[in-house]
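# Geometric and topological summary
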Amino acid sequence: MTPRRIAQLAITAVLLLGCAFVLSPFFAAILFAGTVCITTWPLYQSLLRRLGGRDGLAAITMTLLLTAVLLVPMIGLTASLTESAVDLVDYVRSLIEQSDGRPPAWLKDIPLVGGDVDAYVRKLTHSQAEMRKLALQAVEPARKFALGLGGMVGQGLLQISLVLFIVFFLFRDGARIQAQLESGAARLGGELWGELLELAGNTVKAVMIGIVGTAAAQALVALVGFLLAGVPGALLMAAGVFFLSLVPVGPPLIWGGAAFWLYQQGDNGWAIFMVLWGVLAISSVDNFLKPILISRTASLPILLIALGAFGGVLAFGFIGIFLGPTFLALGQALFTSWTASRQREAEAGTNTPRNADSDPAQEGQA
């Protein structure tokens, strides 16, 4: 390798590393924006045709639609959850102030553990030292949890805003970016890399369909439960389940709050029903429906989908829900293509007739 070639490779490597370093804080937002664009691209194409091919107008219109669908409801739900948290703190404080130090009568009636819990609560109420120790132990974890939850919500809103900003440019320049990706894939690996690029897009769509479909199913099941239990604002709370289903502990915050409200109103039976409905119906939808939806729209086994989703979250955070299955799908495609090519080579070598008396020179001329 000539010194000039070495210098070119070194400069290229430095530029690539510099670009990666600069874009690393926005890596998740860029990938998520690309995921949103890939999934909603057919809708954008239809809108572009209706607007006479004006890509700038179509891009801003799609961005505003996504803002109305994603950002505005999240802000409303965040404000609602904050208000509910304040009301919950005030209610617990009033219960403590009005308490006579004795545990509620129903606590002792809980099967298996009711007697032990009742005795422990009575011991706490008669021992100021134990109460003070328990309060001190609970204050710091509660404070950290509240700060972490607030930071997570704020960071989520900031990331969604950044994603919507990036989405506009991806929509506007999407056709040119797609052509460049296809050209680059063809230069890297020919037909195989083109197939992998198409597979990556299909897998991202499949994962999005699985996540959005599961969220819609959870919201519908939650709506039925809220209506049966007579919870006010059932439609708004179902919308909250839809958006919070992207968070592992999101839906229980909604149906758990509904169960607590029912208990507060004295409807203990409906409160128990709401808890059972949340655990057995709402939360269980995510366990079986999401893998089925993804596997029906992508040629990826359910096991790899589950491993990809969980491993992706551990490796990349929230965006790993999309990246994990995509990487595993691409790896599976590469392995399948490699094994198929080796098998074709073996079959071709087996089927080729060999003549021991043939002249190698004549074979070469042939």
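Residues numbered from 1 in each chain as written. Predicted model: local features only at pLDDT ≥ 70, side-chain atom pairs only at ≥ 80, totals over all residues. Heavy atoms only, no water.

### Quick notes on the overall build of the protein
Counted only if it meets this: Starting at the N terminus, helices and strands are each numbered in turn, a helix being any DSSP run of H or I of at least four residues and a strand any DSSP run of E of at least two. For accessible areas, the Shrake-Rupley method is used with a probe of radius 1.4 Å. Any residue's cover is judged against the shown protein chains and nothing else.
For the protein, the count of helices and strands is 13 helices and 0 strands. Walking the protein from its N terminus toward its C terminus, one meets helices and strands in the order α-α-α-α-α-α-α-α-α-α-α-α-α. Of the accessible surface of the protein, which amounts to about 23700 Å², a share of 68% is contributed by carbon and sulfur atoms.

### Structural notes on the packing of aromatic side chains
Which entries qualify depends on this criterion: Think of it this way: a Phe, Tyr or Trp ring, Trp meaning its six-membered ring, pairs with another when their centres are within 6.5 Å, and the plane angle makes it stacked under 30 degrees, edge-to-face over 60, tilted otherwise. Relative accessible area decides the class of each residue, using a 1.4 Å probe on protein chains only: under 20% of the type maximum gives buried, over 50% gives exposed, and in between gives partly exposed.
In the structure shown here, the tally under the stated rule is 7 aromatic pairs. Relative to Phe171, the ring of Trp41 has its centre 6.3 Å away and its plane inclined at 15°; by these criteria the two rings are stacked. On the criterion of sequence distance, the pair formed by Trp41 in helix H2 (residues 27-50) and Phe171 in helix H5 (residues 128-172) is long-range, its members being 130 residues apart. Each of the two residues, Trp41 as well as Phe171, counts as buried. With centroids separated by 5.0 Å and ring planes inclined at 80°, the aromatic side chains of Phe168 and Phe169 adopt a geometry described as edge-to-face. Three or more aromatic residues link up through ring pairs in this structure, and these residues are Trp41, Tyr44 and Phe171.

### A look at the layout of surface pockets
A probe matching the size of a water molecule, rolled over the atoms, marks out where space remains unfilled. For clarity, the threshold we go by: Every definition here rests on a 1 Å grid over the protein atoms only: cavities are sets of points where a 1.4 Å probe fits but cannot get out, pockets are open sets enclosed by protein on both sides within 12 Å along at least five of seven lines, and lining residues have some atom within 4 Å of a point. Grid points are joined across faces, edges and corners, and a volume is the space filled by probe spheres set on the points. Charged means Asp, Glu, Lys or Arg here, nonpolar means Ala, Val, Leu, Ile, Met, Phe, Trp, Tyr, Cys or Pro, and polar covers whatever is left, Gly included.
Looking at the second largest pocket, its volume works out to about 1200 Å³. Lining the second largest pocket are 28 residues, and of these Gly34, Ile38, Leu181, Leu197 and Gly201 sit closest to its centre. Contributing elements (two or more residues each) for the lining of the second largest pocket: H2, helix H6 (174-189), helix H7 (191-229) and helix H12 (320-351). Residue composition of the lining of the second largest pocket, grouped by class: 17 nonpolar, 8 polar and 3 charged.

### Describing the environment of Phe260
Summarising the element assignment, Phe260 is placed in helix H9 (residues 250-264). Overall, the relative accessible area of 30% leaves Phe260 in the partly exposed class. Note: C-alpha distance between Phe260 and Ala271 (11 residues apart in sequence) is 6.8 Å.

### Some words on the pattern of salt bridges
Selection rule: Any Lys or Arg side-chain nitrogen found within 4 Å of a carboxyl oxygen on Asp or Glu counts as a salt bridge.
Overall, the coordinates contain 2 salt bridges when judged by the stated rule. Note that Arg172 and Asp173 form a salt bridge whose closest N and O atoms lie 3.3 Å from each other. With a relative accessible area of 18%, Asp173 lands in the buried category. One salt bridge in this structure joins Asp173 and Arg176, with 3.6 Å as the shortest N-O distance. A network of salt bridges, in which partner residues are shared, links Arg172, Asp173 and Arg176.

### Quick notes on the nonpolar core
Threshold: Nonpolar core, defined: a set of buried Ala, Val, Leu, Ile, Met, Phe, Trp, Tyr and Cys residues in which side-chain atoms within 4.5 Å join the residues together. Here, residues are in contact when the closest pair of their heavy atoms is within 4.5 Å.
Within the largest apolar cluster, 23 residues are counted, with the highest numbers of intra-cluster contacts made by Tyr44, Leu66, Val163, Val167 and Phe171. Elements that contribute at least two residues to this core include exactly H2, helix H3 (55-98) and H5. Tallying contributions element by element places H2 first for this core, with 9 residues. Val163 has contacts with Ala29, Phe32 and Ala33, leaving out every residue within four places of it along the chain. The next biggest cluster of nonpolar side chains, apart from the first, holds 18 residues, and it includes Val231, Leu244, Leu262 and Met274.

### Let's talk about the side chain of Gln218
The residue Gln218 is located in helix H7 in this model. Judged by its relative accessible area of 3%, Gln218 is buried. In contact with Gln218, not counting residues within four places along its chain, are Val241, Ser245, Pro251, Ile282, Ser283, Val285 and Asp286.

### Concerning a nonpolar patch on the surface
Applicable threshold: Each patch is built from residues lacking any salt bridge and having more than 30% relative accessible area; the joining distance is 9 Å for like charges and 5 Å for nonpolar side chains (Val, Leu, Ile, Met, Phe, Trp, Tyr).
A contiguous nonpolar surface patch, about 490 Å² in accessible area, is contributed by Phe21, Val22, Leu23, Phe26 and Ile30. The element contributing the most residues to the nonpolar patch is helix H1 (residues 3-23), with 3 residues. By relative accessible area, Phe26 is classed as partly exposed at 38%.

### Things to note about the packing of helix H8 (residues 234-244) against H9
Quick reminder of the rule: Axes here refer to lines fitted to C-alpha atoms; in helices the fit is confined to the stretch in contact. Angles between the N-to-C directions go from 0 to 180 degrees. By definition in this entry, angles of less than 35 degrees are roughly parallel, angles greater than 145 are roughly antiparallel, angles of 65 to 115 are roughly perpendicular, and the rest are oblique. For a crossing to be left-handed, the near helix must be turned anticlockwise from the far one by less than a right angle; the clockwise case is right-handed.
At a closest axis distance of 7 Å, the pairing of H8 and H9 adopts a crossing angle of 155°. The pairing of H8 with H9 is recorded here as roughly antiparallel in orientation. As H8 packs across H9, the resulting crossing turns out to be right-handed. Packed against H8, whose contacting residues are Met237, Gly240, Val241 and Leu244, the element H9 presents Gly250, Pro251, Ile254 and Ala258 at the interface.

### Some words on H2
Note the cut-off: What a helix should span is 1.5 Å times the count of its residues minus one. The reported bend at a residue is simply the angle between two axes, fitted to the 7 residues ending at it and to the 7 residues beginning with it.
Under the 1.5 Å per step criterion, the end-to-end length of H2 is 33 Å for 24 residues, consistent within 8% with the ideal 34 Å. Approximately 60° is the largest bend angle found in H2, and it occurs at Thr40, with the proline Pro42 only one to four residues beyond. Positive phi appears at Gly52, one or two residues downstream of H2, with a value of about 70°.

### Quick look at the confidence of the model for the protein
Just so we agree on the cut-off: What pLDDT expresses is the predictor's confidence in each residue, scored from 0 to 100.
Mean pLDDT for the protein: 75, with 66% of residues reaching 70 or above. Model confidence for the protein, summarised as mean pLDDT per element, is weakest for helix H13 (residues 360-365) at 46 and strongest for H1 at 87. Taken as a whole, residues 360-366 scores under 50 in pLDDT and shows 1 contact with residues more than four places along the chain or in a different chain.

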